[in-house]
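# Fold and geometry: a report
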Amino acid sequence: MTSQILPASQIGTLATAILGSACFACFTWGTITHFVRVESEQAGAWTISLLSLTGFFVFLARLAVVLLFCVSVGLWAWTIRATSAQPPSLAFSEDAPVVLFARGPYRLVRHPFYTAYLVFWAATCLGGSFAAWPLAAGVAVFLVMATTYLVAARHEERKFSRSALAQTYRDYAAVTS
């Protein structure tokens, strides 16, 4: 099995970002260094520059949405792989934990599934603001989901604190975020 630095889906996104940025940099360079400036044309030139810059930032924001979706599903898949031998129970279950995951993404963060979901909701919030719903609606959805995942994470941590794995979990929590 060969490993890739970036999945194929992210290579296209990265190539788009690089090419789009290179085009914008070339056009900006040309605007600054190539054209002769005439005082009477300054207002129009500034208008074009500001609109171009605004459009470029919208392009970068949309690109960020794609990258966030890729990060979300990548973290989710990594977490699935790390837990495939013994899948965890669903959120808000009342069972006592029988295993403490400490490999894969769990080396970095205590709740990688919830983190992946939050990255997804952040991308949805940002992406939705370009589409059918206003940014305020996206932020509201994100905040509700973030609160729900936080409550679920705290619930799981309380389950660990009452289990046979309590001390092991405290040691683990002390070195992860």
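The structure we're discussing is the one just above.
This text gives an overview of the structure that appears in the document.

So, how was this worked out
- Residues numbered from 1 in each chain as written.
- Predicted model: local features only at pLDDT ≥ 70, side-chain atom pairs only at ≥ 80, totals over all residues.
- Heavy atoms only, no water.
- Phe/Tyr/Trp six-rings, centres within 6.5 Å; stacked < 30°, edge-to-face > 60°.
- Helix = DSSP H or I, 4+ residues; strand = E, 2+ residues; numbered from the N terminus.
- Buried < 20%, exposed > 50% of the residue type's maximum accessible area, 1.4 Å probe, protein only.
- Salt bridge = Lys/Arg side-chain N within 4 Å of Asp/Glu carboxyl O.

### Quick word on the packing of aromatic side chains
In total, this model carries 9 aromatic pairs according to the counting rule given. When the centroid spacing of 5.6 Å and the interplanar angle of 45° are considered together, the rings of F69 and F120 count as tilted. Residue F69 is found in helix 2 (residues 42-82), and its partner F120 is found in helix 3 (residues 112-128); the two are separated by 51 residues along the sequence. The exposure class assigned to F69 is partly exposed, which follows from its relative accessible area of 32%. With a centroid separation of 5.5 Å and 40° between ring planes, the pair formed by Y117 and Y149 is classed as tilted. With a gap of 32 residues between them, Y117 in helix 3 and Y149 in helix 4 (residues 135-161) connect regions that are remote in the sequence. Put simply, the rings of F113, Y114, Y117 and Y149 touch in pairs and so form one group of aromatic residues.

### Brief notes about the pattern of salt bridges
Within the structure shown, the criterion is met by 3 salt bridges. Notably, a salt bridge pairs K159 with D95, separated by 3.0 Å at the nearest N-O pair. Highlighted residues: K159 in helix 4 and D95 in the loop between helix 2 and helix 3, separated in sequence by 64 residues. Classification of D95 as partly exposed rests on a relative accessible area of 36%. R154 is the salt-bridge partner of E157, the closest N and O atoms lying 3.0 Å from each other. Of this pair, E157 and R154 both sit in helix 4, 3 residues apart, which is roughly one turn of the helix.

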